[in-house]
Amino acid sequence: MFTLDQVVPWGRSFDEYQRMFALSEADLRRRILGCGDGPASFNAEATRRGVRVTSCDPVYQFTPAQLRARIDATRNDVIEQTRRNVHEFVWTAIPSLEALERMRMAAMTEFLGDFPAGKIDARYVEAALPSLPFADRAFDLALCSHLLFLYTVQLGEALHRAAVRELCRVADEVRVFPLLALGGERSPFVAVVAADAQATGMVASIENVPYEFQRGAREMLRLTRAAG
Ligand SMILES: C[S@@+](CC[C@H](N)C(=O)[O-])C[C@H]1O[C@@H](n2cnc3c(N)ncnc32)[C@H](O)[C@@H]1O
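Residues numbered from 1 in each chain as written. Predicted model: local features only at pLDDT ≥ 70, side-chain atom pairs only at ≥ 80, totals over all residues. Heavy atoms only, no water.

Peer 1: Please clarify how the nonpolar core should be interpreted in this entry.
Peer 2: Taken as a class, soluble globular proteins show a tendency for nonpolar side chains to be buried jointly. Grouped together as the largest cluster of nonpolar side chains are 42 residues, with contacts concentrated most on Phe21, Ile32, Phe42, Leu143 and Phe177. With 30 residues, the next largest nonpolar core counts Leu148, Phe189, Val193 and Ala197 among its residues. (Core = buried A, V, L, I, M, F, W, Y, C linked by side-chain atoms within 4.5 Å. Buried < 20%, exposed > 50% of the residue type's maximum accessible area, 1.4 Å probe, protein only.)

Put into structure tokens, the structure is as follows:
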């Protein structure tokens with residue numbers, strides 16, 4: 001069973017999503033799935049801008065009060081861990097630990113404010129990879145930030161392969177960021193899932209993006225359904 005005490009809620013902003021996934025104005029006119037969006041403010045901010053985003057995550061089974069309590073219980077630990085590993089991050093766009101905490105808390109507060117209405121509108125859907133409750137090709141673009149590849153050891157190869165197959169079933173294009181596992185090495189599953197996708201006729205590419213916070217994490221995987 002998925003329980004809240006396993007979760008360390010930590011969410012990024014629309015601006016960070018835009019840079020992590022090199023989202024263009026044309027991309028923002030597409031039907032977007034954010035898979036594993038958790039308490040990110042991507043959906044809330046995108047919706048305000050008129051972008052069509054559905055987010056799915058197992059944490060959406062919990063109430064805003066439960067999520068807020070979990071955020072409050074874990075934020076100091078996350079900041080402390082980041083302080084201990086400060087050299088593993090690039091402190092340019094985010095200049096300090098204080099700025100990081102401010103940005104993340106602002107994003108998560110924005111998410112919490114939007115969550116009740118967004119749940120009613122089915123913009124936040126409780127679901128977990130590798131099995132999503134969406135029709136084939138329900139989305140033009142699926143984004144997966146800081147879940148696949150990052151948790152290489154925890155999720156394992158079978159889950160990665162099934163998860164990427166599932167994302168390719170529900171969307172015509174899939175982008176995953178970052179490609180590095182928690183230790184800072186590229187995940188061995190990047191090549192594995194790219195080969196799987198290519199075997200089903202998808203086009204796979206690894207592209208630089210204008211975002212780097214985890215040191216060396218500057219690339220995304222893009223999988224696109226071949227035309228026809
Ligand atoms: C590190 S957070 C990243 C949140 C957000 N994508 C961001 O970049 O700010 C990872 C998220 O993945 C979610 N998650 C964990 N297992 C999942 C699964 N099997 N399918 C979908 N989401 C999952 C967690 O609940 C959590 O919200």
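The rest of the description comes next.
Peer 1: Just to check I follow, could you spell out the pattern of salt bridges for this structure?
Peer 2: Note on pairing: side chains with opposite charge can pair once their charged atoms come close. Considering all chains together, one arrives at 23 salt bridges under this definition. Here Glu173 makes a salt bridge to Arg175, at a shortest N to O gap of 2.6 Å. Across the pair Arg222 and Glu207 runs a salt bridge whose closest N-O atoms are separated by 2.7 Å. Residue Arg222 is found in strand 7 (residues 219–225), and its partner Glu207 is found in strand 6 (residues 202–208); the two are separated by 15 residues along the sequence. Overall, Glu207 belongs to the partly exposed group, its relative accessible area being 22%. (Salt bridge = Lys/Arg side-chain N within 4 Å of Asp/Glu carboxyl O. Helix = DSSP H or I, 4+ residues; strand = E, 2+ residues; numbered from the N terminus.)

Peer 1: Would you mind going over the state of the cysteines with me for this structure?
Peer 2: Here is the idea: a disulfide is a covalent bond, and it sits between the sulfur atoms of two cysteines. Summed over the entire model, instances satisfying the criterion amount to zero disulfides. No disulfide involves Cys144; its nearest neighbouring cysteine sulfur is the one of Cys35, lying 5.2 Å away. Here Cys168 stays free of any disulfide, with the sulfur of Cys144 as its closest cysteine sulfur at 11 Å. Classification of Cys168 by relative accessible area gives buried; the value is 10%. (Disulfide = S-S within 2.5 Å.)

Peer 1: Honestly, the pairing of strand 7 in this entry has me stumped. Any pointers?
Peer 2: The side chains of a regular strand alternate, first on one face of the sheet and then on the other. Sheet topology note: the strand 5 (residues 171–177)/strand 7 ladder contains four bridges and is antiparallel. Bridging from a neighbouring strand, Arg175 pairs with Arg222 of strand 7. Where strand 6 lies against strand 7, seven bridges are found, and the strand directions are antiparallel. Residue pairing in the sheet places Ala204 in a bridge with Leu223 of strand 7. (Pairing = 2+ DSSP bridges.)

Peer 1: In this structure, what is going on with the environment of Leu221? I would like to understand it.
Peer 2: Examined against the element boundaries, Leu221 turns out to sit in strand 7. Residues Leu221 and Ile206 lie 15 residues apart in sequence; the distance between their C-alpha atoms is 4.7 Å. Excluding residues that lie within four positions of it along the chain, Leu221 makes contacts with Phe149, Val174, Arg175, Val176, Leu179, Val193, Ala194, Ser205 and Ile206. (Contact = heavy atoms within 4.5 Å.)

Peer 1: Would you explain the site of the ligand in this entry?
Peer 2: Neighbouring residues of the ligand: 18 residues in total, closest Arg12, Gly36, Asp57, Leu129 and Ser145. The backbone of Arg12 places a nitrogen or oxygen atom 2.8 Å from an oxygen atom of the ligand. Residues that form the shell around the ligand fall into these classes: ten nonpolar, five polar and three charged. (Near = heavy atom within 4 Å. Polar contact = N/O pair within 3.5 Å; in protein donor to acceptor, adjacent residues only side chain to side chain. Nonpolar A, V, L, I, M, F, W, Y, C, P; charged D, E, K, R; others polar.)

Peer 1: Please explain the packing of helix 5 (residues 152–170) against helix 6 (residues 189–199) as it appears in this structure.
Peer 2: When two helices pack together, their arrangement is captured by the angle between the axes and the distance separating the axes. Taken N-terminus to C-terminus, the directions of helix 5 and helix 6 make an angle of 10 degrees; their axes are 9 Å apart at the nearest point. What the angle tells us is that helix 5 and helix 6 run roughly parallel. Taken together, the residues of helix 6 that come into contact with helix 5 (itself represented by Thr152, Gly156, Glu157, His160, Arg161 and Val164) are Phe189, Val192, Val193 and Asp196. By residue class, the composition of the contact of helix 5 with helix 6 is four nonpolar, three polar and three charged. (Axes fitted to C-alpha atoms, helices over the stretch in contact; angles between N-to-C directions. Parallel < 35°, antiparallel > 145°, perpendicular 65-115°, else oblique.)

Peer 1: Which parts of the structure should I look at to understand helix 6?
Peer 2: In an α-helix, one turn spans 3.6 residues; hence positions three or four apart end up facing the same way. Phe189, Val190, Val193, Ala194 and Ala197 are the residues of helix 6 that are buried. Down the axis of helix 6, the buried set is contained in an arc of 135 degrees. They therefore lie on one face. Looking at helix 6, the residues exposed on the side facing more than 90 degrees away from the buried face are Ala191 and Ala199. Taken together, the buried residues of helix 6 touch helix 5, strand 6 and strand 7. Of the residues trailing helix 6, Gly201 is marked for its positive phi of about 90 degrees. (Arc of directions from axis to C-beta.)

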